[in-house]
Amino acid sequence: MNIISSPLAGQLLANAGANLVMAEWTAEGCTAGAEPMKIAPLHIHHEDDEAWYILKGTLGFQIGEQVIEAKVGDAVIAPRPIPTGIRGRRKQDISSS
């Protein structure tokens, strides 16, 4: 399974049978040169897969051992039960859903 897809248009975010949780929220980001702020520390979902679609800005993810930075138009999926953490990136409004 791909963890990041760019762009999402015309592609499936998850396979049939995935149990996704999606919500829209905004994070503030961090100043240039600062340690990225932790939005969610490494955690495990046992019942749900998690997915993000980046609307504005960038978000950093650790999904298992893989560390990625997702940008506008990227879709990210964290299948259960892989440990996942999220960090803000650039100082600008960051929105995902």
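Before any of the text, the structure's been laid out above.
Residues numbered from 1 in each chain as written. Predicted model: local features only at pLDDT ≥ 70, side-chain atom pairs only at ≥ 80, totals over all residues. Heavy atoms only, no water.

With that settled, consider the pattern of salt bridges. Tallied over the full model, the rule gives 2 salt bridges. A salt bridge links Asp49 to Arg80; the nearest nitrogen and oxygen atoms lie 3.2 Å apart. On the criterion of sequence distance, the pair formed by Asp49 in strand β5 (residues 49–56) and Arg80 in the loop between β8 (75–78) and β9 (84–88) is long-range, its members being 31 residues apart. You can call Arg80 partly exposed: its relative accessible area is 32%. Notably, a salt bridge pairs Asp74 with Lys71, separated by 3.5 Å at the nearest N-O pair. Residue class for Lys71 comes out partly exposed when judged on its relative accessible area of 47%. (Salt bridge = Lys/Arg side-chain N within 4 Å of Asp/Glu carboxyl O. Helix = DSSP H or I, 4+ residues; strand = E, 2+ residues; numbered from the N terminus. Buried < 20%, exposed > 50% of the residue type's maximum accessible area, 1.4 Å probe, protein only.)

Looking now at empty space enclosed by the protein. Applying the stated criterion across every chain yields a total of 1 cavity of 30 Å³ or more. Looking at the largest cavity, its volume works out to about 40 Å³. In this structure, the largest cavity is lined by His43, Ile44, His45, Asp48, Glu50, Ala78, Pro79, Arg80, Pro81, Ile82 and Thr84. Looking at the lining of the largest cavity residue by residue, the class counts come to 5 nonpolar, 3 polar and 3 charged. (1 Å grid on protein atoms, 1.4 Å probe; cavity = no way out; pocket = protein on both sides within 12 Å on 5 of 7 lines; lining within 4 Å. Points joined across faces, edges and corners; volume = space filled by probe spheres on them. Nonpolar A, V, L, I, M, F, W, Y, C, P; charged D, E, K, R; others polar.)

Further remarks concern the nonpolar core. Listed in full, the 11 residues of the largest apolar core are Ala40, Trp52, Ile54, Leu59, Phe61, Ile63, Ile68, Ala70, Val76, Ala78 and Ile86. Of all the secondary structure elements, the ones that give two or more residues to this core are β5, β6 (58–63), β7 (66–71) and β8. Sorting elements by how many residues they give to this core places β6 first, with 3 residues. (Core = buried A, V, L, I, M, F, W, Y, C linked by side-chain atoms within 4.5 Å.)

Turning next to the packing of aromatic side chains. Applying the stated rule across the entire model yields 1 aromatic pair. Between the aromatic rings of Trp52 and Phe61, the centroid separation amounts to 4.7 Å while the plane-to-plane angle is 55°, which identifies the pairing as tilted. (Phe/Tyr/Trp six-rings, centres within 6.5 Å; stacked < 30°, edge-to-face > 60°.)

Time to look at the environment of Asp49. Accessibility expressed as a relative area gives 7% for Asp49, which makes it buried. Between the C-alpha atom of Asp49 and that of Leu20, which follows or precedes it by 29 residues, the distance is 4.8 Å. In terms of polar contacts, Asp49 uses its side chain to reach the backbone amide nitrogen of Arg80, at 2.7 Å. (Polar contact = N/O pair within 3.5 Å; in protein donor to acceptor, adjacent residues only side chain to side chain.)

Within the secondary structure, His46 sits in the loop between β4 (38–43) and β5. Residues His46 and Pro79, spaced 33 residues apart in sequence, show a C-alpha to C-alpha distance of 9.4 Å. Apart from the residues lying within four places of it in its own chain, the contact partners of His46 are Arg80 and Pro81. (Contact = heavy atoms within 4.5 Å.)

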